[in-house]
Amino acid sequence: MSSQQSDISYTVPGMGVPDSRRIIELLQMRLHSLNDLHLTLKHIHWNVVGPHFIAVHEMIDPQVDQVRDMTDDLAERISTLGGEPNGTPGALVERRTWDDYSIGRAEAIEHLGALDLVYTSIIKDHREAMRETETADPVTQDMLIEQLRGLELFQWFVRAHLESTGGRLSTRGATTETQAAEQAADQARNQP
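Here is what the cut-offs are and how they apply
- Residues numbered from 1 in each chain as written.
- Predicted model: local features only at pLDDT ≥ 70, side-chain atom pairs only at ≥ 80, totals over all residues.
- Heavy atoms only, no water.
- Helix = DSSP H or I, 4+ residues; strand = E, 2+ residues; numbered from the N terminus.
- Contact = heavy atoms within 4.5 Å.
- Buried < 20%, exposed > 50% of the residue type's maximum accessible area, 1.4 Å probe, protein only.
- 1 Å grid on protein atoms, 1.4 Å probe; cavity = no way out; pocket = protein on both sides within 12 Å on 5 of 7 lines; lining within 4 Å.
- Points joined across faces, edges and corners; volume = space filled by probe spheres on them.
- Core = buried A, V, L, I, M, F, W, Y, C linked by side-chain atoms within 4.5 Å.
- Phe/Tyr/Trp six-rings, centres within 6.5 Å; stacked < 30°, edge-to-face > 60°.
- Patch = residues over 30% accessible without salt bridge, like charges linked within 9 Å, V, L, I, M, F, W, Y side chains within 5 Å.
- Areas by Shrake-Rupley, 256 points an atom, 1.4 Å probe, with all protein chains shown as cover.
- Salt bridge = Lys/Arg side-chain N within 4 Å of Asp/Glu carboxyl O.
- Axes fitted to C-alpha atoms, helices over the stretch in contact; angles between N-to-C directions.
- Parallel < 35°, antiparallel > 145°, perpendicular 65-115°, else oblique.
- Left-handed = near helix turned anticlockwise from the far one by under 90°.

Q: Talk me through the side chain of Q155; I want residue IDs and the actual numbers.
A: Turning to its location among the elements, Q155 is positioned in helix 6 (residues 138-162). Residues in contact with Q155, not counting those within four places in the same chain, are D116, Y119, T120 and I123.

This is the structure in structure tokens:
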């Protein structure tokens, strides 16, 4: 926890400073995660190629815009709780627990395969933060639930490209972005 967060002197009425500190820490990690996501989405937007370029290119920008709005909501909630949101690139890189997105210029289906894993990780962590705020701060929990609604919808958009007519996700069992990208490409090549 940063010294700024440990030095908070006020919070919202009805909530104690110790609970606020913990929630600020949770929200700060969600802020880093979503800042990273919006940069990753732009990277995909710029590096997608192939016959489905325009569909994926145009699908990504609204996701970028909505994820950026989510980061603003997170930062404002941190401030409301008496904390100081940190959105600098250095803080993100220092605190993140994940690696950089690993796919460069690639076919649309490869990016979508890798992006499925990115969304899975973010959604799992967002759900954990949502559970941790249930008792101490239902207002924050409500915000996280709303964000999950959007993130899960975006993942569904991605997965619609990765699902076979039999309902099997091409990324099933993949543990790395590269593996997910390869599996998505393999399934696409093998479909009629």
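Q: How would you explain the environment of A174 if you had to name every residue and give the values?
A: Along the chain, the position of A174 falls in the loop between helix 6 and helix 7 (177-190). Taking the relative accessible area as the measure of exposure, A174 reaches 14% and is therefore buried. Beyond its immediate stretch of four places on either side in the chain, A174 contacts L117, Q179, A180 and Q183.

Q: Any details on the layout of surface pockets? Residues and values, ideally.
A: In this structure, the largest pocket encloses a volume near 380 Å³. Along its surface, the largest pocket is lined by 18 residues, and W98, D99, V118, S121 and E177 are the ones closest to its centre. When residues in the lining of the largest pocket are grouped by element, the largest group, five residues, is from helix 5 (residues 108-132). Approximately 280 Å³ is the volume attributed to the second largest pocket.

Q: An account of the nonpolar core is needed here, citing residue identities and associated values.
A: L37, L115, Y119 and L151 are the most contacted members of the largest nonpolar core, which has 46 residues in total. In this structure L151 touches L34, L37, V67, M70, Y119, I122, I123 and H126, once residues within four positions along its chain are discounted.

Q: Explain the packing of aromatic side chains to me, using residue names and the numbers behind them.
A: Within the structure shown, the criterion is met by three aromatic pairs. Geometrically, the ring pair formed by F154 and F157 is tilted, given 6.5 Å between the ring centres and 45° between the ring planes. Placement of the pair is F154 and F157 together in helix 6, with a separation of three residues, close to one helical turn. For F154, a relative accessible area of 3% corresponds to the buried category.

Q: Could you give me a rundown of a nonpolar patch on the surface, with the residues and numbers involved?
A: A cluster of nonpolar side chains, contributed by L153, W156 and F157, occupies part of the molecular surface with about 310 Å² of accessible area. As for its placement among the helices and strands, W156 is situated in helix 6. The exposure class of W156 is exposed, given its relative accessible area of 54%.

Q: For the packing of helix 5 against helix 7, give the residues involved together with the corresponding values.
A: The geometry of helix 5 relative to helix 7 is characterised by a closest axis approach of 7 Å and an angle of 135° between their N-to-C directions. Relative to helix 7, the element helix 5 lies oblique. As for how helix 5 packs across helix 7, the hand of that crossing is right-handed. Contact residues: helix 5 offers I109, E110, G113, A114, L117 and V118, while helix 7 offers E177, A180, A181, A184, A185 and A188.

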